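# Report on the structure
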Amino acid sequence: MTTPVTTALLWLSSAVIVLGLGYTALMFLLSRGVRRPAAPAEPAPFYVFLMACLDEEKVLAASLQRLRSLPGELAVLVVDDASSDATADIVRAAAAEDDRIWLLQRSLPDARRGKGAALNAGLAHLTGSGLLAGRDPARVVVCVLDADGRLDADALDEVTPYFADPATGGVQIGVRMYNRHAGLLARMQDMEFVVYTDVFQNGRRHLGSVGLGGNGQFMRLDALAGLGADPWSDCLTEDLDLGVRLLAAGWRNRFCHTTAVHQQAVLSPKRLVRQRSRWFQGHLQAGRLLPLVIRRAPAAAAPDLVYHLMSPWFLLLTSVLPLAFAASGLALVAASLQAGHSVVSPAMFALWYGLSFGIALVYGYVYWRRDSELGLLRSLLLGHLFVLYGYQWFAAGWWAVGRALSGRQTWLKTART
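Quantities reported herein were computed from a predicted structural model and do not represent experimental measurements.

This part takes up the pairing of strand E3 (residues 101-106). Strand direction decides the pairing type here: strand E2 (residues 74-81) and E3, joined by six bridges, are parallel. When the bridges of E3 are listed, Val-78 appears paired with Leu-103. For the crossover that starts at E2, traverses helix H3 (residues 87-97) and ends in the parallel E3, the hand is right-handed.

Here we come to the environment of Tyr-365. Checked against the element boundaries, Tyr-365 lands in helix H13 (residues 346-370). Residue class for Tyr-365 comes out partly exposed when judged on its relative accessible area of 29%. As for Tyr-365 and Leu-221, which are separated by 144 residues in sequence, their C-alpha atoms are 38 Å apart. Excluding anything up to four places from it in sequence, Tyr-365 contacts Phe-28, Arg-32 and Leu-380.

Turning to a nonpolar patch on the surface, a few remarks are in order. Taken together, the side chains of Leu-184, Leu-381, Leu-385, Leu-388 and Tyr-391 define a hydrophobic patch exposed on the protein surface, amounting to about 460 Å² of accessible area. In terms of residues, the nonpolar patch owes the most to one element, helix H14 (residues 376-389), which gives three residues. Counting through the fold element by element, Leu-388 comes out in helix H14.

Here the focus is the sheet that holds strand E4 (residues 140-144). Read across the sheet, eight strands follow the order E3-E2-E1-E4-E7-E6-E8-E5 without closing on themselves; strand pairing throughout is mixed. If you trace the sheet from one side to the other, it starts and ends with E3 and strand E5 (150-151), each paired once. Bridge count between E5 and strand E8 (residues 252-263): two bridges; the pairing is antiparallel. Across the sheet, Leu-151 pairs through a bridge with Val-261, a residue of E8.

Conventions used here
- Residues numbered from 1 in each chain as written.
- Predicted model: local features only at pLDDT ≥ 70, side-chain atom pairs only at ≥ 80, totals over all residues.
- Heavy atoms only, no water.
- Pairing = 2+ DSSP bridges.
- Helix = DSSP H or I, 4+ residues; strand = E, 2+ residues; numbered from the N terminus.
- Right-handed = clockwise from strand over helix to strand, strands pointing away.
- Buried < 20%, exposed > 50% of the residue type's maximum accessible area, 1.4 Å probe, protein only.
- Contact = heavy atoms within 4.5 Å.
- Patch = residues over 30% accessible without salt bridge, like charges linked within 9 Å, V, L, I, M, F, W, Y side chains within 5 Å.
- Areas by Shrake-Rupley, 256 points an atom, 1.4 Å probe, with all protein chains shown as cover.
- Salt bridge = Lys/Arg side-chain N within 4 Å of Asp/Glu carboxyl O.

Printed below as a string of structure tokens:
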């Protein structure tokens, strides 16, 4: 028999799940029928790729070569944040062949203070060194790109129309894992980003609450300048922080669904949880923006931004879900054994499946639309596995809480392979 505590946990867990399912369903409906804006008649902006690098010798040379091959007016500024490997030498070699490659080399003790600090130093160098002399800040777009980032060849062509609107401050593109074929863990990460961007980012375009990510985010230079000398904060998720503050400052963030940046998936479960704990801790830090959102965010965007900033706390609350479902399942098994027959009715099973795995059907469908070579049936199966994969956020979340309580706020860099 179920106990009052078990029953209360089950009802609370079910209520939280229903809230999440309802929000996801709303975003899924809003995300359908996205259209690309018309191509502008005016010339494309001047693009500057800003790369904060710490020990990136394994991937940097190939990334610089790919950027150099992109069409259009562009430059690349690499901020070497006191690397201990050949990162700076790789940039110098590329700069010797192409004067559009620039290097800013930082030294200790100023360096290694987080990605936000490195990006701020890079922006100050861009605006104070004369590299952009004579260019209108409204016609310069800064793109933050990770060292392992691989932009689609059409990325600049796809992003440019969004900046024809002078109200656009930032544009985020999709994110994929280029090594998604390397195993189930890599595939789950690819599915995670596809679902997040195709459902939630596309849905938020109607609410005006599109967020910016740390890879493949494009910002108008004068929008960054309007946030002060240091637009990136010391938050571990400086990208989330920046996107919210741009919205609060009156700019509009857009999501471009027709192109993507491809990055390297983590292939070790321990490294994955370590990476996600940094993201989670940064998301907790971003909660300090709630008063700003309530005061200054657009009315349509504010409720979604509040929900988004509060989501880490909801996730910590729902970390009891597996325990609640396990307890209720054991109680049903015990009741069946005592009665001599199953006490689980078809309706009860349907309710359990809907609450536990119903959302997997949406995830699988969305992923199949983006990666149709897998087939619909396999994508739906991956959607069910993705629900189980999501439990790693519980471990990452509590790890992040432990780090925050102990005062650790260092930049946990993801190791490349």
